[in-house]
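Each chain is listed here by its residues.
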Amino acid sequence: MEVSNRQKIGTHFKKENIFLATVSTSNTDTKELLKSKVDGKMPGETIDFLVDGGFVSSEQFDVFYKDNTGYTRFVEEGPETFAGDDSDGKGIIRNVVSIWEYYSEEQVLECMVNNEFMAIFILDAEPLYKYNDDYNNV
């Protein structure tokens, strides 16, 4: 991954639209993730039963940018946008909190990734893990 054009947050992205949030992924995505992790050691029917029965779910917490297209997070492959209400089949966005409750402006940058897209970067993961502890670990 090539990162260039590092700049102060607020140059490309609106600071008030940056959030920490958790995506509860769809059953389909959870099944695919689980199947990739068990590497054929568990029958597909068992995985379907566990996920469809609500025994296993998948959640991911990250930095998101909210605009009129939805909630976007930035991964190496490119921006990934979620509607937020699972209307797109990608999952539900929940526990949405302003990034500024956990980060200072000096800890957040905007950068160009692979000369393809602008992304939001955090310089320290600890506040993100603190968010996860506060909102997702019950």
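Per chain, residue numbering runs from 1 following the sequence as it is written. Totals for whole chains, interfaces and linings use all residues, but because this is a predicted model, local features are given only for residues with pLDDT of at least 70 and pairs of side-chain atoms are given and counted only at 80 or more. Hydrogens and water are ignored here; the side-chain numbers use all heavy atoms of the structure.

Enquirer: For this particular structure, what's the right way to read unusual backbone geometry?
Expert: Note on backbone geometry: most residues besides glycine have negative phi, and most peptide bonds are trans. Look at Asn-95: it is not a glycine, yet its phi comes out positive at around 50°. Tracing the chain through its elements places Asn-95 in strand β6 (residues 92-98). The class of Asn-95 is partly exposed, set by a relative accessible area of 24%. With a phi angle near 55°, Asn-115 is a residue other than glycine that sits in the positive phi range. To qualify as a helix, a DSSP run of H or I must reach at least 4 residues; to qualify as a strand, a run of E must reach at least 2; elements of each kind are numbered from the N terminus. To sort residues, take the accessible area from a 1.4 Å probe on protein chains only and compare it with the maximum for the residue type: under 20% means buried, over 50% means exposed, and anything in between is partly exposed.

Enquirer: Just to check I follow, could you spell out the pairing of strand β5 (residues 78-82) for this structure?
Expert: Side-chain direction in a regular strand flips from residue to residue, so the side chains alternate between the two faces of the sheet. Two strands qualify as a pair provided DSSP detects at least 2 bridges between them. Summarising the sheet, strand β4 (residues 70-75) and β5 pair through five bridges and their orientation is antiparallel. Residue pairing for β5: Phe-74 is matched across the bridge by Pro-79. Hairpin connection between β4 and β5: a loop of two residues separates the two successive antiparallel strands.

Enquirer: Would you mind going over the environment of Phe-13 with me for this structure?
Expert: Examined against the element boundaries, Phe-13 turns out to sit in the loop between β1 (3-8) and β2 (18-24). Taking C-alpha positions, Phe-13 is 7.7 Å from Glu-110, a pair spaced 97 residues apart along the chain. In this structure Phe-13 touches Ile-18, Tyr-65, Phe-74, Glu-110, Met-118, Ala-119 and Ile-120, once residues within four positions along its chain are discounted. Should any heavy atoms of two residues lie within 4.5 Å, those residues are counted as being in contact.

Enquirer: Could you clarify how one ought to interpret the sheet that holds strand β7 (residues 108-113) in this entry?
Expert: Two pairing modes exist for strands in a sheet, parallel and antiparallel, and in both the strands are linked by backbone hydrogen bonds. Read from one edge to the other, the open sheet built from three strands follows the order β1-β7-β8, with strand pairing classed as antiparallel. Edge positions in the open sheet fall to β1 and β8 (117-122), since each of these has one partner strand only. Each strand of the sheet is rotated relative to its neighbour by a mean of 30°, with strand direction disregarded. Inspection of the sheet shows β1 paired to β7 by four bridges, in the antiparallel sense. Considered in β7, the bridge of Ser-4 is made with Met-112. Lines fitted to the C-alpha atoms define the axes, with helices restricted to the stretch that makes contact. Angles between their N-to-C directions range from 0 to 180 degrees.

Enquirer: Quick question: what am I supposed to make of a negative patch on the surface here?
Expert: Each patch is built from salt-bridge-free residues with over 30% relative accessible area, joining like charges within 9 Å and nonpolar side chains (Val, Leu, Ile, Met, Phe, Trp, Tyr) within 5 Å. With residues, only the protein chains shown are counted as cover, and all accessible areas are computed by Shrake-Rupley using a 1.4 Å probe. Salt bridges, as used here, are contacts in which a Lys or Arg side-chain nitrogen is within 4 Å of a carboxyl oxygen on Asp or Glu. For this count, His and the chain ends are skipped, Lys and Arg are scored as positive, and Asp and Glu as negative. Working definition for charges: the position is that of NZ of Lys, CZ of Arg, CG of Asp or CD of Glu. Side chains of Asp-29, Glu-32, Asp-85, Asp-86 and Asp-88 sit close together on the surface and give a patch of like negative charge. Inspection of the secondary structure assignment puts Asp-85 in the loop between β5 and β6.

Enquirer: Is there a simple way to think about the sheet that holds β6 in this case?
Expert: Strand order in this open sheet of five strands is β5-β4-β3-β2-β6, and the pairing throughout is antiparallel. Looking along the sheet, the strands with just one partner apiece sit at the ends: β5 and β6. Each adjacent strand pair in this sheet contributes to an overall mean axis angle of 40°, direction not counted.

Enquirer: Explanation requested: the pattern of salt bridges in the structure shown.
Expert: Think of it this way: side chains of opposite charge can pair up when their charged atoms draw near. All told, the structure shown has eight salt bridges when counted by the stated rule. Put simply, Asp-52 and Lys-31 hold a salt bridge, and the shortest N to O gap is 3.0 Å. Here Lys-31 lies in helix α1 (residues 27-38) and Asp-52 lies in helix α2 (residues 44-52), a separation of 21 residues in the sequence. The class for Lys-31 is buried, based on a relative accessible area of 17%. For Asp-48, the salt bridge goes to Lys-35, with nearest N and O atoms at 4.0 Å. With a gap of 13 residues between them, Asp-48 in helix α2 and Lys-35 in helix α1 connect regions that are remote in the sequence. When its relative accessible area of 26% is taken as the criterion, Asp-48 is described as partly exposed. In this structure, a network of salt bridges that share partners links the residues Lys-31, Lys-35, Asp-48 and Asp-52.

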